[in-house]
Amino acid sequence: MKPMSRPLDVLVVGAGPTGLTMACELRRYGLSCRIVDQADAPSGIPKAVAVQPRTLEVFDIMGLDEEFVANGRQVQGFNVYAGGQRLVHLTMDGMPTRYSYMLTLPQSETERLLTKRLSDLGVEVERSVQFANVAQQEDGITATLRHANATTDTVQARWLIGCDGAHSAVRKAVGLPFEGTRYEESFLLAYVRIEERAPVDEARAFFTPDGPVGLLPLPLGRHYLIIPLLKETAETDRTTVSLDELKTFLAQRGMASLRILEAFWITKFRIHRRIVPSLRVGRVFLCGDAAHIHSPAGGQGMNLGIQDAFNLAWKLALVTSGVAKPRLLDSYHAERHPIASETLIGTDLATRVITLRSPLAQAVRNQVAMFMSSLDVVQHRLAQALSGLVRNYRKTPMVGEYHRGFLGVVTGVHATAEPPGFSEWRKFVAAPAAGDRAPDGKLSVRGTGVPVRLFELLRPGRHVLLLFAGRGTTPARYRKLEEIEQGVRARYRDLIAVHLVVPQAAPTAALRWDGSRLLDAEGELHRQYGAGSECLYLIRPDGYVGYRSQPADAGRLSAYLEGENMKGHDKRLDSYIQQVRPRFERMLAEMVEQPSISMDPTHAPDIRRAALLAVQFLKDLGAEARIVETGGYPVVSGGWTTGAKHPTVTVYNHLDVQPAQEPEWRQPPFAFRKRKGVYYGRGATDDKGPALTALLAGRYAVEHGVPINVRFLWELEEEIGSPHFAEALRHKDAIPRPDSVVVSDTIWIAKGRPAVPYGLRGLLGARLLLRTGASDAHSGLTGGAARNPLAELCALVYACVDARTGRVKIPGFYDDVVPPTQAEIKSFLASGFQVNRFMRAYGFRTLRTTNPADVLRRIWASPTFEVHGLVGGYQGPGVKTAVPGHGELKISMRLVPNQRPEKIFASLRRFVARQNPNVTVEREGMLQPFRGVFKGPYADAIRDAVRAGFGKEPAFIREGGSIGAVATMQRAWRVPILLLGLSLPEHGYHAPNEYFDWGQASGGMKAFAHYFAELAKMGGG
Ligand SMILES: Cc1cc2nc3c(=O)[nH]c(=O)nc-3n(C[C@H](O)[C@H](O)[C@H](O)COP(=O)(O)OP(=O)(O)OC[C@H]3O[C@@H](n4cnc5c(N)ncnc54)[C@H](O)[C@@H]3O)c2cc1C
């Protein structure tokens, strides 16, 4: 199969910490990217060794923090000494983060961990590939790359990101100046092992008259020596320094006692402070050292670059997938440029202060340092500045907030029904504002008690909307929050995860809320967010507050979202669905008009025509397609391949239909008719409509760059029990094994109540035959002596099943049945099932039970024994007094997961032989039961997809019926199989006047498109 070429989303140049973070993030958001680096191998040198608390938080959201912490060393504080006296002591302890320390780790290790993560995400760094130039077009870029063998090639991508360090070729290619100067001073760095009496887990700087010496503890008992060199000693551009020279520098600064046992790397380099005037030129962005460089004083360089990448990646993802306005990307410069500029100023000041040369100036500096650091507030500020936690985007245009101002609170102007009091307002105002870093906090999932942190909620890469109930919230306010949740869900389903955060005592019992409820048992999050009264916080994927309001206000929130950034998913998909509607209707009409009745051999040519038409549909949409022959009717296989490393999903449907001879048809069953969004005709809902719905959703996903291979498998013998389906699956080239399957051939329980079945009953049919005579005999002449086969078969039924309760009496019949759990029954009951409706739908006068849970357990999760017919004797009007010569009992058993039809058939045969040795048992159809997944990522994805398509979460149910192909695929492939049905009971599966409707088709397209996107995020291949 030829992979379909799809434009590359992003080309990243440079595999330093910035480029690697960028590529990891782009992949986390599902964008395609390549990353190239001119070096033939990672540099392997320590360079930047300090990882700030904020960068650790970034790694936390990326799910990487544990690896970093495990590999690094935690440095709790920072001391400055002069003349044998401690001038400054800063501690990171008590910082409002889990990472209240500076983590030290050689940059080579940081790069190794990021490279490993990237590789796990399916991207390898392309080495010995040098970026040479770029040309920009309206919708993308063309980059020229030079290879080690001097050849060049071009790459097209939507965006180019220059993470190629201080000498950035990308920056030069787009003509950006690197404004700033070179320092007169230079820095000497040494990665060493020193003699230590006891390990010190704090950084130390020694101010000496000849200049400072810094000593930073690193993992493995090593240290980093940082020696700023004054002008006199910095005069050359030479970078190599010998160990003896290093010792000389130390001796000159009165530090000869610092014994170096081993030196792994020593370098001397000139430092600069430079910045570009713009972080973006068209479709080209600059991040990290390519955009700004400064003195290493304060260890900010690498941290800034990583945080640049973290800021830009989610914006690129939203804009590239079309759900955010392109101007969202402008906020990258607006937010990051001021921070880089401030860092340049701060590190410049620090460099000047530590390299002061005049003895007087040094003395003043030392005194001031000692005094200032004795003040708690100064200590705290300095530690915060080093941590990176206080950087914020408050003054940038993309963030927003609403609360009544001071006057409003005092005067009551603009008061809402229940305005927050002054103290609640004050707490809210003092809490993180829009643009601030959102602090992490511990919560638990209400109901299950599973602990979860806010940063963990950010890991899926979406915005998180926290709806704080506050204390003393009334039911009416809960309902308001509920409405906000529903509005956001409907519009931004997969983009914004909404959580209701309730304090312990909240009276939520009456709440109909079916979304996420988090319990803030210790009130930590309420405290941190000043949420004493109801409010909302929208947290961006990079962990900053995008918007907040007190009280929670749906209108303002949606104005913010609409106005500032997010169009929401719906519009693009909605407009696709509207556009594609005529095509869907045309295809459905053509398909319904093929009377592909598999049960009737005279329709064999129609089956073939339906298969050819299906192939044509696939090809018309740019997919590959073929007919796969079997010993019976063929199957159609086809789809789109977007990349070998992308996950592959196979969508199963069938295109054969039931006969349509019922006199109740109000129109010819194979003449398609469309009326007000309703599509009539045999097969419209079972299963041609759902098949074409999924097809068009697949096309949307692939055309919009979702990294997934979507395949379709359309059977033409489903209605006759899939006798050749297993054989078809043996054609592995034509029908490759996917990573997962989604089947769309099931019925909801009620309109507006989506249901996802995860279990299907199996089926075992049999005929029990008894011949006692050559023919019927006169009962007056033979009755009493003659055996009566019909009566004996009735006795056999009595032995097999209790007709009153339905309990099967065949020994061992229930051995393998696993009864449904209470949670499953609860989910069954949430499906919208109603006993009365069920009775009405099927015309029942009475049932064996009318308890809904019992009915559902019986029809979905229990095996049955049914008698379908008793054949023999006289069937005409009146009574003919003959003793039949033979009888035939037609029976079937519905089987549930874990029961094996083969084993049950053997039990039946044994039992019948014991009861009546003259009865012959002949097996009819046999279908395996199926139990799929209803928990875990696939189930979550289908739940989200249904919610996206139909605005409601589905109930996970089982189905009483059987789809043989499902169990066959499960046996053949052993991959997750999910059922995403679109039919409604009123559509009339197998009934006259069958129909499908546009509501289910359009919702289904959304649901399938969403499901494909969710699967793509899971990766695979
Ligand atoms: C000797 C030294 C010591 C340092 N010490 C510290 C410190 O103590 N503290 C601190 O905070 N910072 C320090 N820094 C700075 C810190 O290392 C950088 O801020 C950090 O590496 C920036 O990461 P980056 O990914 O943006 O760029 P880089 O790490 O420079 O990565 C750029 C990558 O791009 C590649 N590349 C360049 N041009 C091309 C091209 N045309 N095509 C393809 N690939 C290209 C390079 O091979 C490189 O792998 C030091 C830097 C140096 C050089």
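Residues numbered from 1 in each chain as written. Predicted model: local features only at pLDDT ≥ 70, side-chain atom pairs only at ≥ 80, totals over all residues. Heavy atoms only, no water.

With that out of the way, let us pick up the overall build of the chain. In terms of regular secondary structure, the chain is built from 29 helices and 45 strands. Here the C-alpha coordinates of the chain stretch approximately 135 × 70 × 55 Å along the principal axes. Within the chain, buried positions represent 57% of all 1021 residues. Contacts spanning at least 24 positions in sequence make up 77% of the contacts within the chain whose residues lie at least 6 apart. Just so you have it, the chain exposes about 41700 Å², and 53% of that area is on carbon and sulfur atoms. (Helix = DSSP H or I, 4+ residues; strand = E, 2+ residues; numbered from the N terminus. Buried < 20%, exposed > 50% of the residue type's maximum accessible area, 1.4 Å probe, protein only. Contact = heavy atoms within 4.5 Å. Areas by Shrake-Rupley, 256 points an atom, 1.4 Å probe, with all protein chains shown as cover.)

A few words now on the site of the ligand. Among the 29 residues in the neighbourhood of the ligand, the closest are listed as Thr18, Asp37, Gln107, Phe131 and Asp289. Taking Thr18, its side chain carries an N or O atom lying 2.8 Å from an oxygen atom of the ligand. Between Asp289 and the ligand, the recorded distance is 2.8 Å, taken from a side-chain N or O atom to an oxygen atom. Burial of the ligand by the surrounding chains reaches 84%, relative to a free accessible area of 980 Å². Contributions of two or more residues to the shell around the ligand are made by α1 (17-28), β9 (129-137) and α7 (301-320). Grouping the constituent residues of the shell around the ligand by class yields 14 nonpolar, 11 polar and 4 charged. (Near = heavy atom within 4 Å. Polar contact = N/O pair within 3.5 Å; in protein donor to acceptor, adjacent residues only side chain to side chain. Nonpolar A, V, L, I, M, F, W, Y, C, P; charged D, E, K, R; others polar.)

So, on to helix α12 (residues 422-430). Among the residues of α12, Glu424, Trp425 and Phe428 are the ones counted as buried. One face of α12 carries all of its buried residues, which in axial projection span an arc of 100°. Of the exposed residues in α12, those oriented more than 90 degrees away from the buried face are Arg426 and Ala430. (Arc of directions from axis to C-beta.)

A surface patch of positive charge is lined by Arg666, Arg673, Arg675 and Lys676. Within the element layout of this structure, Arg673 appears in strand β31 (residues 673-675). Looking at Arg673, the relative accessible area reads 34%, which means it is partly exposed. (Patch = residues over 30% accessible without salt bridge, like charges linked within 9 Å, V, L, I, M, F, W, Y side chains within 5 Å. Salt bridge = Lys/Arg side-chain N within 4 Å of Asp/Glu carboxyl O. Lys, Arg positive; Asp, Glu negative; His and termini not counted. Charge placed at Lys NZ, Arg CZ, Asp CG, Glu CD.)

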